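Structural features, examined
What follows is the residue order along each chain.
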Amino acid sequence: MENRVEGGQVVSLAPTFSLAAGQRARGQFSSPAREKTNALGKFHMRTEDFQGLEEQVVQKGLCTACGLCVGACPSGCLEWDMEQEEPYLSGECLACGICGLACPGALIPLPLLEKKFFGRARAQEEEYLGVYTALLRGHAKDESLRRASASGGMTSALLIYAMEQGLIDAAVLAGMDQQRPWRTLPLLARTPDEIRKAAGSKYQLCPSLAGLKQAKPGEKLAVVGLPCQVHGLRKLAASGEAEGLSNNIVFILGLFCGANTSYRVTEHVIGEFSDVRLEDITKLVYRGGRDSQDIKLLCTDGSVTTISNLDRVSNYLWLIRDRCRMCPDWTAELADISLGDIFAGGQEGPWKKIPHWNGFIVRSQKGGELVEHARQAGAIAVGPLEEAAFYGNIGFESKKHGAVYNLQQRSRHGWPTPDFGCQFNWRHRKRAPFRIDLTE
Ligand SMILES: Cc1cc2nc3c(=O)[nH]c(=O)nc-3n(C[C@H](O)[C@H](O)[C@H](O)COP(=O)(O)OP(=O)(O)OC[C@H]3O[C@@H](n4cnc5c(N)ncnc54)[C@H](O)[C@@H]3O)c2cc1C
Ligand code: SF4
Ligand code: SF4
Ligand code: SF4
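Now for a description of the structure that goes with this document. Keep in mind it's a predicted model, so treat the numbers as computed, not measured.

1. Some remarks on the sheet that holds strand β11 (residues 294–299)
An order of β10-β11-β12 is seen for the 3 strands of this open sheet, with the pairing classed as antiparallel. Of all strands in the sheet, those with a lone pairing partner are β10 (281–288) and β12 (304–307), marking the two edges. Here the average twist between neighbouring strands, direction ignored, is 20°. Note that β10 and β11 share 5 bridges and pair antiparallel. In the sheet register, isoleucine 281 faces β11, and the bridge partner there is cysteine 299.

Pasting the structure below:
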């Protein structure tokens, strides 16, 4: 396994926060899995050590590849297998149970966590979007950031604002591997420039929470995560274990996630729809090219190759990771702020992404304050967005209908499925055209 840090990008990391030396020997540890009960009730997973996590999550195909077990393990004995896309034991496990408590693979008590972090259960009208205080649209005011980003650049703009104001010291992000530029890598960004360079969606699994391992004690952090990653961070915080780490996480910015795929899918799509050799790629942009959703490949000879969104998405539909097919959280329902795209259309024709805008959801008080302060400082532009605008999104279908269907089918056959602590029902929801005034 490689072990390097390049330009702030992490491949395999040495632990920077650790237990006191006296606590390290097996048996001397107060095992949270064995001895304590906590806010998670029956969702307090009883894995005493990493072997338990492997058996109950990884080997059952329930690992989301979030990277949190690697990032939160206090002994630093876990690493990420970049080829198999799963955690592995590289040192001595102290049997503290923290990885099992935090893991969002098998047990995700959504209603419990919602109540704990937002102070209430979702109302009936919040059934599909989760608890929120505001539904909004917006974009970064910095036009170059806005255009280089996945949607409107709100995510990067909020992070840069928070860092410039001293609210955070670093941000846990998904970057690209400089050696293999078509592959993702966890990234701990400590400068606005690093945040800016990491802008853009990577439609590929990234165990970005492994990047937590690189944070220094006391460093104030923001984390950008997909819904499953937010589940893990909230579980860890609710467990009361690894408190130092959880307390350092000041903001959780969640991305909407319709589904995700392995790096192998990206390699396959490049092989299937272009003549480009992987070793000639210098940069891959998932949203570049003609309709802002194509894959753009830049090569050593200066050439640029584009793979159409149609080819990419039609392949992705068949090649989605299995655990993602059982994931009904589309809008990162436990984040402080959740950010996605806006799709317009409806009765007039096919739904199409509105370029350079975010639809986003404010959930927590501190999330709302961050948005308001960044708006007042001129870092972002913000306006209202109708609820109907969210339901034209492809992720709404894949999660609130597709994943719910898959969960029901698999449970009926007794296959391993994640338990979200609630029942999901689905009914037809006619897509309604909505008004969106994009003037500022
Ligand atoms: C796999 C995936 C599926 C998505 N599905 C949908 C969808 O169905 N509907 C929808 O509206 N939006 C979806 N999004 C979100 C959307 O693509 C944008 O990320 C979001 O709108 C934020 O845009 P932005 O311009 O504010 O972000 P930017 O300012 O460009 O910042 C994006 C941030 O996301 C982080 N990031 C990128 N890729 C990953 C990754 N794989 N894992 C973890 N962090 C990552 C980067 O580190 C960066 O900091 C998806 C994103 C991903 C990664
Ligand atoms: S967090 Fe680390 S030390 Fe603790 S049980 Fe898991 S692998 Fe072992
Ligand atoms: S914590 Fe995340 S990466 Fe680790 S086993 Fe669980 S789901 Fe997989
Ligand atoms: S679909 Fe769910 S499990 Fe898969 S990456 Fe997205 S949030 Fe994680």
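Having seen the model, we can carry on.
2. Things to note about the site of ligand 1
Near ligand 1 you find 34 residues, and of these Ser149, Leu173, Gly258, Gly340 and Gly395 are the closest. Elements that contribute at least two residues to the shell around ligand 1 include exactly α7 (154–164), β6 (170–176), β8 (221–225), β13 (337–340) and α14 (394–412). Taken together, the residues of the shell around ligand 1 break down into 15 nonpolar, 17 polar and 2 charged.

3. Focus on helix α2 (residues 50–58)
Of the residues making up α2, those classed as buried are Phe50, Leu53 and Val57. Projected down its long axis, α2 shows its buried positions confined to an angular sector of 50°, all on one face. Seen from the open side of α2, the exposed residues pointing more than 90 degrees away from its buried face are Gln51 and Glu55. Elements in contact with the buried residues of α2: α3 (68–72), β3 (78–81), β4 (86–89) and α4 (98–102).

4. Points about α7
Counting buried residues along α7, 10 of its 11 residues qualify, which places the element largely inside the surrounding structure. Buried within α7 we find Met154, Thr155, Ser156, Ala157, Leu158, Leu159, Ile160, Tyr161, Ala162 and Met163. Positioned one or two residues after α7, glycine 166 has a phi angle of 80°, which is positive.

5. Quick look at the site of ligand 4
Neighbouring ligand 4 are the residues Thr64, Leu226, Pro227, Cys228, Cys257, Ala259, Asn260, Arg323, Cys324 and Cys327. Residues that form the shell around ligand 4 fall into these classes: 7 nonpolar, 2 polar and 1 charged.

6. Some points on the nonpolar core
Counting residues in hydrophobic clusters, the biggest one holds 120 residues, and the most contacted among them are Cys69, Ala72, Cys99, Ala157, Leu158 and Ala171. The leading source of residues in this core is α7, at 8 residues. Alanine 72 has contacts with Ile98, Cys99, Ala102, Leu212, Leu236, Ala242 and Leu245, leaving out every residue within four places of it along the chain.

7. Considerations on the pairing of β12
As paired strands, β11 and β12 are joined by 4 bridges and run antiparallel to one another. From the neighbouring strand, lysine 296 faces β12, where its bridge partner is threonine 306. Linking two consecutive strands that pair antiparallel, namely β11 and β12, is a turn of 4 residues; a positive phi of about 90° is found at glycine 302 within it.

8. Structural notes on the packing of helix α5 (residues 110–118) against helix α9 (residues 227–239)
The packing of two helices is summarised by the inter-axis angle and the distance between the axes. Contact pair α5 / α9: the axes reach a minimum separation of 11 Å and the direction vectors enclose 70°. Viewed along their axes, α5 and α9 adopt a mutual orientation that is roughly perpendicular. In terms of crossing hand, the pair formed by α5 and α9 is left-handed. Across from Leu113, Lys116 and Phe117 in α5, the residues of α9 making contact are Arg234, Lys235 and Ala238. Each residue belonging to the contact of α5 with α9 can be placed in one class, and the counts come to 3 nonpolar, no polar and 3 charged.

Cut-offs and rules
Residues numbered from 1 in each chain as written. Chains lettered and ligands numbered in written order. Predicted model: local features only at pLDDT ≥ 70, side-chain atom pairs only at ≥ 80, totals over all residues. Pairing = 2+ DSSP bridges. Helix = DSSP H or I, 4+ residues; strand = E, 2+ residues; numbered from the N terminus. Axes fitted to C-alpha atoms, helices over the stretch in contact; angles between N-to-C directions. Near = placed C-beta within 6 Å. Nonpolar A, V, L, I, M, F, W, Y, C, P; charged D, E, K, R; others polar. Buried ≥ 20, exposed ≤ 12 C-beta atoms within 10 Å, placed from the backbone. Arc of directions from axis to C-beta. Contact = placed C-beta atoms within 7 Å. Core = buried A, V, L, I, M, F, W, Y, C linked by C-beta atoms within 7 Å. Parallel < 35°, antiparallel > 145°, perpendicular 65-115°, else oblique. Left-handed = near helix turned anticlockwise from the far one by under 90°.

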